[in-house]
Number of protein chains: 2
Amino acid sequence: MTYRIDNLQYCNWSEEIFKINNKAGLNAIHVTIAYHEDFDEVKNNVEQWNSYFEEFNNLLIHGRTYKDIEKAKEEEKTAVFFGFQNCSPIEDDIKLVEAVHDLGAVFMQLTYNNQSLLATGCYEENDSGVTRMGREVIREMNRVGIVIDMSHSAEQSTLDAINISEKPIAITHANPYFWHPAKRNKSNELLKALGQSNGIIGLSLYPHHLLGGTNCTLKSFCEMTARTVDLMGIDHVGIGSDLCLDQPDSVVEWMRNGTWTKNKDYGEGSKSDAAFPRQPDWFENTLGFNNLETGLKEIGFDDKEVDAILGDNWFNFYKENIH
Amino acid sequence: MTYRIDNLQYCNWSEEIFKINNKAGLNAIHVTIAYHEDFDEVKNNVEQWNSYFEEFNNLLIHGRTYKDIEKAKEEEKTAVFFGFQNCSPIEDDIKLVEAVHDLGAVFMQLTYNNQSLLATGCYEENDSGVTRMGREVIREMNRVGIVIDMSHSAEQSTLDAINISEKPIAITHANPYFWHPAKRNKSNELLKALGQSNGIIGLSLYPHHLLGGTNCTLKSFCEMTARTVDLMGIDHVGIGSDLCLDQPDSVVEWMRNGTWTKNKDYGEGSKSDAAFPRQPDWFENTLGFNNLETGLKEIGFDDKEVDAILGDNWFNFYKENIH
């Protein structure tokens, strides 16, 4: 078994990008289909993806269970799994959890950057943890088979989610705080709890999550990977690149501001640095997986460990949780 | 000037109830038109009210500013003002604040019992205060002229709202915790801060907020009123009866559960006491304002003070904040 999986992308989708993912040997990607969208808006996004699946059926299949990753590998295609970076698609209605699963959602963050009805986002000043509705929704997500993703959530909320959920949870795209102390990166305590609960982190290649940003070196990233593996165990670390290829800057502005403010929030950026950041030259797109393979081997990981990090761990997580 | 105002009702509306309010001499009532409704559902409720205004134009006028209270008094009718017990009508969109004001909303709670996108409800275990979106929405409510109502919100969230809002806020329906320690009732610290900020509380006649529940005595209620006036000042205490006349018990179940849980939450009730509680015999409907007048005089309030509590304070609050 050797799979390559990138467990978070939000690109401005095109045949070119699908071909790059294919050329990079990706058997599966998890794509974001909601930041602020409500249920009806998500349905529209699913329709758009159905068009892609039809038009590019030589490159893509719609991923619903881990078996679609096996199938995609056999057919040399990429299985595309849907997820949400916010709980906005379920609005305030717990019954929509099953409905979004029917649409194909297999990951859902309990929050984006702000407080949600379910939990607290990492940009809030105070973190009150998983809410009353959050507890109910976690139970329902466990029941219908949607993975809880806490990538953008605050510390206590994430620890709560690990404890409340009867199934392992994921942080699909983030890095450790010890390496780069950004709000979105995660504490050692949290990463340990995630590993011990059989959860998984997808390490991020988004420059705001990287030490040195765009200038982060491949070596530094791979050393961070090694330290994270030391902390969590080799089975609990994968990749979630957070690639946003070809997106106009209006998209990052919308991601940060949605409809919650009439002012302008710059999120991980700043007024003078508001745009999407440029990718490091060793990870301009998913062909960078080849560089990661080289880099991870160079700092001492063996072939099996490299395969684990670049896809097999995510495959095993899917096999256990998405079926 | 002598007005009679009941600043919270959620009855199963009928000509009979409108006539009782009229007979009780109420010049204005604030009615709840949303617990869990989204924007479109609120529009439907407004349409229903427009039908009432048309059909019962001998009894009602639609209240939009304090001048409608003066007009209603002249015409011996009741001005009906709209409010929400939740922020669900603005969904996740700050621009809907102005839209709901256009529909006639002049009060909006930042939360019902649970965490909202704006603040924490009083039934949550932890209270993280007003959120990032909450700060923005308070500013927008101040701008367009919707009063912030924290009747169902948790302590820190309410103190935050008092501090953040540039205009006085209201607690339209609750009682002091010192008298009856229910989750929905308010601490001395909070009541003092409310009074000092020129805010106002509407004392509630809902049995779960009353010492002794249905068996609460008029004397006890009036003594509590006196102690609350001592704490907050005579200008800051009014009535918000929280009357839910003629509602079937399915309504209180919906109020408590909305669509946030697949289990059953009993709110202020319990499994063995799930129904709407019976009103005290001295306040079965708003004709009970006459009993309040008698009771308040008996424990020593003078005529002017009684008028202040039974309506003039609310009138002055409207005059300052709803125009």
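Keep in mind it's a predicted model, so treat the numbers as computed, not measured. (Residues numbered from 1 in each chain as written. Chains lettered and ligands numbered in written order. Predicted model: local features only at pLDDT ≥ 70, side-chain atom pairs only at ≥ 80, totals over all residues.)

**As for the overall build of chain A**
What counts, and what does not: Segments assigned H or I by DSSP are reported as helices when at least four residues long, segments assigned E as strands when at least two residues long, and all are numbered from the N terminus. Throughout, the radius of gyration refers to the C-alpha atoms, and the reference size of a globule is 2.2 Å times the residue count to the power 0.38. Field definition: a residue is buried when 20 or more other C-beta atoms are found within 10 Å of its C-beta, exposed when 12 or fewer are, and partly exposed for counts in between, with C-beta atoms placed from the backbone.
On a plain count of helices and strands, chain A comes out with eleven helices and nine strands. Compactness check: chain A gives a C-alpha radius of gyration of 18 Å against a globular reference of 20 Å for 323 residues, within 12% of the reference. Its C-alpha atoms put chain A at 45 × 45 × 40 Å along the principal axes. Counting the 323 residues in chain A, one finds 51% classified as buried.

**Here we look at the environment of Leu117(A)**
The cut-off we apply is this: Remark: residues whose backbone-derived C-beta atoms lie within 7 Å of one another are considered to be in contact.
The residue Leu117(A) is located in the loop between β5 (105–109) and α5 (132–144) in this model. Residue classification places Leu117(A) among the buried positions, given that 24 C-beta atoms sit within 10 Å. Leu117(A) sits 29 residues away from Ser88(A) along the chain, and the two C-alpha atoms are 9.1 Å apart. Sequence-distant contacts of Leu117(A), defined by excluding residues within four places in its chain, comprise Cys87(A), Asp92(A), Thr131(A), Met133(A), Gln115(B), Ser116(B) and Leu117(B).

**Examining helix α4 (residues 96–103) of chain A**
Residue and element names in this part refer to chain A. The condition is simple: This arc corresponds to the set of directions leading from the helix axis out to the C-beta atoms.
Taken residue by residue, α4 has Leu 96, Val 97 and Val 100 as its buried positions. The buried residues of α4 occupy an angular sector of 110° when the element is viewed end-on, so they sit on one face. At its buried positions, α4 is contacted by α2 (39–55), β5 and α5.

**Topic: the interface of chain B and chain A**
The criterion, for reference: Throughout, the ten residues Ala, Val, Leu, Ile, Met, Phe, Trp, Tyr, Cys and Pro are labelled nonpolar, Asp, Glu, Lys and Arg are labelled charged, and all others, Gly among them, are labelled polar.
The interface is formed by 28 residues belonging to chain B together with 28 residues belonging to chain A. Of the residues belonging to the side of chain B that touches chain A, the class tally is five nonpolar, 14 polar and nine charged.

**Side note on the relation of the copies chain B and chain A**
Going by this rule: Here the copies were fitted onto each other by least squares, based on C-alpha atoms from residues at pLDDT of at least 70 in both.
Mapping chain B onto chain A calls for a rotation angle of 180° and an axial translation of 0.0 Å; the resulting RMSD is 0.0 Å. The operation mapping one copy onto its partner corresponds to a two-fold rotation axis. The position closest to the rotation axis in chain B is occupied by the C-alpha of Ser128(B), lying 2.6 Å away. Comparing interface residues between copies, 100% of those in chain B also lie at the interface in chain A; the contact surface is shared.

**Side note on the nonpolar core**
Applied cut-off: Each nonpolar core comprises buried Ala, Val, Leu, Ile, Met, Phe, Trp, Tyr and Cys residues, the members being joined through C-beta atoms within 7 Å.
Of all hydrophobic cores here, the largest spans 168 residues; its most connected members are Ile148(A), Ala161(A), Ile148(B) and Ala161(B). Setting aside residues up to four positions removed in sequence, Ala161(B) forms contacts with Leu110(B), Ala119(B), Val130(B), Ile138(B), Ile148(B), Met150(B) and Ile169(B).

**Looking at the packing of helix α6 (residues 155–164) of chain B against helix α7 (residues 188–196) of chain B**
Describing two packed helices takes the angle between their axes plus the distance from one axis to the other. All names here are of chain B. Selection rule: Angles here are taken between N-to-C directions and fall from 0 to 180 degrees, while the axes themselves are lines fitted to C-alpha atoms, restricted in helices to the stretch in contact. Working definition: roughly parallel below 35 degrees, roughly antiparallel above 145 degrees, roughly perpendicular at 65 to 115 degrees, and oblique for all remaining angles. Whether a crossing is left-handed or right-handed is set by the direction in which the near helix is turned from the far one by less than a right angle, anticlockwise for left-handed and clockwise for right-handed.
At their nearest, the axes of α6 and α7 sit 10 Å apart, and the two run at 15° to each other. The angle between α6 and α7 places the two elements in the roughly parallel class. Here α6 and α7 pass one another in a crossing that is left-handed. The segment α6 lies against α7, with Glu 155, Thr 158, Leu 159 and Ile 162 engaging Leu 190, Ala 193 and Leu 194. Here the contact of α6 with α7 is built from residues that sort into five nonpolar, one polar and one charged.

**Examining α5(A)**
Along an α-helix, residues three or four apart share an orientation, since each turn contains 3.6 residues. Residue and element names in this part refer to chain A. The line we're drawing: Multiply 1.5 Å by the residue count of a helix minus one, and that product is the helix's expected span.
With 13 residues, α5 extends 19 Å from end C-alpha to end C-alpha; this agrees with the ideal 18 Å at 1.5 Å per step. Of all the residues in α5, the buried ones are Met 133, Gly 134, Arg 135, Val 137, Ile 138 and Met 141. On its buried side, α5 packs onto α4, β5, β6 (147–149) and α6 (155–164). Two residues or fewer past α5, Gly 145 is found with a positive phi of approximately 100°.

**Points about the pairing of strand β5 (residues 105–109) of chain B**
Residue and element names in this part refer to chain B. Definition in use: For two strands to be treated as a pair, DSSP must find at least two bridges joining them. A clockwise course of the path from the first strand over the helix to the second, judged with the strands pointing away from the viewer, identifies a crossover as right-handed.
Burial of β5 is extensive: five of the five residues sit out of reach of the surface. Summarising the sheet, strand β4 (residues 78–84) and β5 pair through three bridges and their orientation is parallel. For Gly 83, the partnering residue across the bridge sits in β5 and is Phe 107. Note on the crossover from β4 through helix α4 (residues 96–103) to β5: the handedness is right-handed. Here three bridges tie β5 to strand β6 (residues 147–149), and the two strands are oriented parallel to one another. Bridge assignment links Gln 109 to a residue of β6, and that residue is Asp 149. In this region the chain leaves β5, passes through helix α5 (residues 132–144) and returns to the parallel neighbour β6; the handedness of that crossover is right-handed.

**Remarks on the confidence of the model for chain A**
Here is the rule: The quantity known as pLDDT measures the predictor's confidence residue by residue, on a range of 0 to 100.
The predicted model of chain A has a mean per-residue pLDDT of 97, with 100% of residues at 70 or higher. Among the prediction metrics, the complex's ipTM stands at 0.94, with pTM recorded as 0.95.

**Structural notes on the environment of Ala79(B)**
All names here are of chain B. Inspection of the secondary structure assignment puts Ala 79 in strand β4. A residue is classified by how many C-beta atoms lie within 10 Å of it, and Ala 79, with 27 of them, is buried. A sequence separation of 20 residues divides Ala 79 from Leu 59, and the C-alpha atoms of the two residues are 8.8 Å apart.

**With respect to unusual backbone geometry**
All names here are of chain B. For Asn 198, which is not glycine, the phi dihedral falls at a positive 70°. Along the chain, the position of Asn 198 falls in the loop between α7 and β8 (200–203). On the basis of neighbour count, Asn 198 is assigned to the partly exposed category, with 17 C-beta atoms found within 10 Å. At Asp 246, a position not held by glycine, the phi torsion is positive, near 65°. Along the chain, the position of Asp 246 falls in the loop between β9 (237–239) and α9 (249–257). The class for Asp 246 is partly exposed, based on 14 C-beta atoms found within 10 Å.

**Quick look at the environment of His236(A)**
Residue and element names in this part refer to chain A. Mapped onto the elements, His 236 comes out in the loop between α8 (218–232) and β9 (237–239). Judged by the 27 C-beta atoms lying within 10 Å of it, His 236 falls in the buried class. Note: C-alpha distance between His 236 and Leu 292 (56 residues apart in sequence) is 17 Å. Those residues in contact with His 236 that sit more than four places away from it in its chain are Leu 194, Gly 195, Gly 199, Ile 200, Ile 201 and Asn 313.

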